[in-house]
Structure formats: structure tokens, C-alpha cells
Amino acid sequence: MRLKVNKALTIAGSDSGGGAGIQSDLKTFQELSVYGMSVITAVTAQNTLGVHGVYPVPLEGIEAQLDAIGHDLQPGAVKTGMLFSKEIIEAAATAVQEFGWINVVVDPVMVAKDGTVLLENNAIQAMKEHLLPLAKIVTPNRMEAEVLIGNTVTSPEDRRQAAVMLWEMGAEIVVMKGGHDENDDMSNDLVYNGSEFYELKGRRVATKNTHGTGCTFSACVTAELAIGKTPKEALLTAKQFIQAAIEYGIEAGSGHGPTNHWA
Ligand code: PLP
């Protein structure tokens, strides 16, 4: 019997600890019955305590992975995670355009929780110039939004303004994630699509097991777009998915445990 599947691609870094990056993305795709493909941009030596080393894949190897997928497998949606350098961002943007990939979700990953740099400083401009204009959805946390717009984001008005600025940079839909906000009870995300603002509402969960939260959320959005859901449907589902994944976070290792993909 032949089975037709919805396919999604993640262009991101590997997390040996299995909680973030490529590993979280592929697990999330699988959980949502989407066939997952990957382009690995960098290998990280990592566990729940932190990142012990970052080893970028040579550019030639990244381009070869992009080409291999582009010449055979057409993903219904694509997400980018840890891209590490300007050159890798440019290679990803070139592939998206060359192969006509749609439903691009950009998770502008910059630093790990322990402060390890996952995106070089001189790559920020390339992300704004080459990747954001190709994004269907961009999903920054507060710090990432601040770096991209070059301003602090503290008040609700700042958040709305930042969302508009990121939309003006070319992303069709901006999701300002609320996980790093100062609100004790709620962790709401603000969405702006060029004409309206709306919120993805969620309760804040007191837990240390939040490793890979951002990756899992954007992977879920990507899988839902690959299935054919509208961006709003995809975002609402992803918010529920990540809420449960955090509530039932896994006690693996002695540091920040991963979010739970079976919740
Ligand atoms: N490692 C990789 C490969 C990632 O892509 C990410 C986040 O996107 C992280 C680590 C960071 O995870 P955390 O913020 O939980 O440290």
C-alpha cells in the first residue's frame, strides 16, 4: 500500500541531549504524523546542563543537504532554527527561493539558556535582509525581538510596536512569544498579521523543564502548516501543544529537562 504523507523540513542544529534543535523538531513532526526531513547546520555537544561545544557543519555540506532535498522531496512547510552564521542563513534563503519552498517558519534562535552563542553577531543583518522577507511566520522571544529591532521591549505597547517593525521587515505573521515576560500568571503570545493583533493565551507553568520549548513550538506550527492548516489554526494548536509539553516536562538529566512530546 502506498501512503501519501505531509512533509516538513527543519533546517537547524543538532542537540545531542535530544531536547531541542533537530531532535525536538523531528519528534514533534512525528507526533503530528508529519514526515520529517532535516538539514543539519551545526552539531552541538549538549545535555540538560548546557551546551559543551558547537561544531558548525562545513557550508558545502549544508548546501549539499539543501540541494538533495530540493531536487527530490518537496516539503509542505519548512522551519529554520539554529543557523549559526551569515553564510548558513544565505544558503538557507537561497534554497527557499530556488526550490520555491513555502510556509517558511523562522525561529530566530540566537543563544541557549546557558548563554552559548547559537547565532554569530554578524549574522543578525543577514537574518533581517535575507530570511525575514521569506518568512510566513517568525517566532521571536523577547530577547530575540530586541536584537532584531535594536530596541528594548518591555511594555505591552513596546511589544505591539516590535511586532509591527518585524512585520515591516517582511515576515507575513509575527509571533512575539511571552515566555520571557514579567507576568506571573500568564504566558501569552502576541500575534500580528499586518491587519490585526490577537493573543495566544496560556498559563505560566512553574518548572525548570523547559529545554527546547521554542524549537518544539515552531516545529508544531510548521507541521500544522504542512498538514494544510491556516496560520491561525496552526498557531492555536501549537500553543496548546507547547502548554501540555511544558506542564508534563520530563525529568531527564539533572538540569533543564526537555518538554514532553507525548503530553
Ligand atoms: N541547542 C539547539 C541546537 C537549539 O536549536 C536551541 C534552541 O533553539 C537550543 C540549544 C537552546 O535551547 P534552550 O533555550 O532550551 O537552551
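Note that residues are indexed from 1 along each chain, following the sequence as it is written. Side-chain atom pairs in this predicted model are given and counted only at pLDDT of 80 or more, local residue features only at pLDDT of at least 70, and totals for whole chains, interfaces and linings cover all residues.

Q: Is there a simple way to think about the site of the ligand in this case?
A: Close to the ligand lie 17 residues, the nearest being Gly-13, Gly-21, Val-109, Ala-112 and Lys-113. Every element with two or more residues in the shell around the ligand is listed here: β1 (7–15), β2 (35–47) and α7 (213–227). Per element, the largest residue contribution to the shell around the ligand is three residues, and it comes from β1. Only the C-beta atom matters for this test: placed from the backbone, it must lie within 6 Å of a molecule or strand for the residue to be near it. Here a helix means four or more residues in a row that DSSP labels H or I, a strand means two or more in a row labelled E, and each is numbered from the N terminus.

Q: Teacher, can you tell me more about unusual backbone geometry here?
A: Across residues other than glycine, the phi torsion is negative in most instances, and most of the peptide bonds are trans. Backbone geometry at Ser-33 places phi at a positive 60°, although glycine is not the residue there. Considering the arrangement of structural elements, one finds Ser-33 in the loop between α1 (21–31) and β2. The class of Ser-33 is exposed, set by 10 C-beta atoms lying within 10 Å. Non-glycine residue Phe-84 carries a positive phi angle of around 65°. The topology assignment puts Phe-84 in the loop between β4 (77–80) and α3 (86–99). Between the buried cut of 20 or more and the exposed cut of 12 or fewer other C-beta atoms within 10 Å of a residue's own C-beta lies the partly exposed class, and all C-beta atoms are placed from the backbone.

Q: Please clarify how the pairing of strand β8 (residues 189–192) should be interpreted in this entry.
A: Consecutive side chains along a regular strand alternate between the two faces of the sheet. Two strands make a pair as long as DSSP finds a minimum of two bridges between them. The sheet contact formed by strand β7 (residues 173–176) and β8 spans three bridges and is antiparallel. The partner of Met-176 across the bridge, within β8, is Leu-190. Taken together, the four bridges between β8 and strand β9 (residues 197–200) define a ladder with antiparallel strand orientation. Residue pairing for β9: Tyr-192 is matched across the bridge by Phe-197. The antiparallel hairpin formed by β8 and β9 contains four residues in its connecting segment, where Gly-194 sits at a positive phi of about 95°.

Q: Explanation requested: the environment of Thr-48 in the structure shown.
A: Position of Thr-48 relative to the elements: it lies in the loop between β2 and β3 (50–56). For Thr-48, a count of 19 C-beta atoms within 10 Å puts it in the partly exposed group. The spatial distance from the C-alpha of Thr-48 to the C-alpha of His-256 is 5.0 Å, given a sequence separation of 208 residues. Distance between backbone-placed C-beta atoms decides contact: two residues are in contact if it is within 7 Å. Excluding anything up to four places from it in sequence, Thr-48 contacts Gly-17, Gly-19, His-211, Ala-252, Gly-253, Ser-254, Gly-255, His-256 and Gly-257.

Q: What should I look at first to understand the packing of helix α5 (residues 142–149) against helix α6 (residues 156–168) in this one?
A: Axis lines are fitted to C-alpha atoms, over the contacting stretch for helices. Their N-to-C directions set the angle, which ranges from 0 to 180 degrees. Where α5 contacts α6, the axes come no closer than 10 Å and their chain directions differ by 55°. Judged by the inter-axis angle, α5 sits oblique to α6. Viewed along their axes, α5 and α6 form a crossing whose handedness is left-handed. Residue-level inspection shows Ala-145, Leu-148 and Ile-149 of α5 in contact with α6, the latter providing Ala-162, Met-165 and Leu-166. The scheme is simple: roughly parallel for angles under 35 degrees, roughly antiparallel for over 145, roughly perpendicular for 65 to 115, oblique for anything else. A clockwise turn of the near helix away from the far one marks a right-handed crossing, whereas an anticlockwise turn of less than a right angle marks a left-handed crossing.

Q: Explain the packing of α7 against helix α8 (residues 231–247) here, please?
A: Helix-helix packing is described using two parameters, namely the angle between the two axes and the distance between the axes. As a packed pair, α7 and α8 sit with axes 8 Å apart at the nearest point and diverge in direction by 145°. Read as a crossing pair, α7 and α8 show a hand that is right-handed. Of the residues in α8, those in contact with Thr-213, Thr-216, Phe-217, Cys-220, Val-221, Glu-224 and Leu-225 of α7 are Pro-231, Glu-233, Ala-234, Leu-235, Thr-237, Ala-238, Phe-241, Ile-242, Ala-245 and Ile-246. Its residues assigned to classes, the contact of α7 with α8 shows 12 nonpolar, three polar and two charged. Classification used: nonpolar for Ala, Val, Leu, Ile, Met, Phe, Trp, Tyr, Cys and Pro, charged for Asp, Glu, Lys and Arg, polar for all others including Gly.

Q: Looking at this structure, how should I read the sheet that holds β8?
A: Across a sheet, paired strands are connected by hydrogen bonds in the backbone, their directions being either parallel or antiparallel. With mixed pairing, the nine strands of this open sheet are ordered in space as β3-β2-β1-β4-β5-β6-β7-β8-β9. Edge positions in the open sheet fall to β3 and β9, since each of these has one partner strand only. Summarising the sheet, β2 and β3 pair through six bridges and their orientation is antiparallel. Note on β3: the bridge partner recorded for Asn-47 is Gly-50. Against the sheet, α1 engages β1, β2 and β4, with an angle of about 150° to β1.

Q: Would you explain the pairing of β2 in this entry?
A: Strand direction decides the pairing type here: β1 and β2, joined by nine bridges, are parallel. Along β2, the bridge assignment pairs Asp-15 with Thr-44. Looking down the strands as they point away from you, a crossover is right-handed if its path from the first strand over the helix to the second goes clockwise. Of the crossover connections in this fold, the one passing from β1 over α1 to the parallel β2 is right-handed. Here β2 folds back onto β3 in antiparallel fashion, the turn holding two residues.

Q: Quick question: what am I supposed to make of α8 here?
A: Residues that lie three or four places apart on an α-helix share one face, since the helix turns once every 3.6 residues. Taking 1.5 Å as the rise per residue, α8 with 17 residues should run 24 Å; its terminal C-alpha atoms sit 24 Å apart, in good agreement. Looking only at α8, the buried set comprises Ala-234, Leu-235, Ala-238, Lys-239, Phe-241, Ile-242, Gln-243, Ala-245 and Ile-246. Among the structural elements, β7, β8, β9 and α7 are those in contact with the buried residues of α8. Multiplying 1.5 Å by the helix residue count minus one yields the expected span of that helix.

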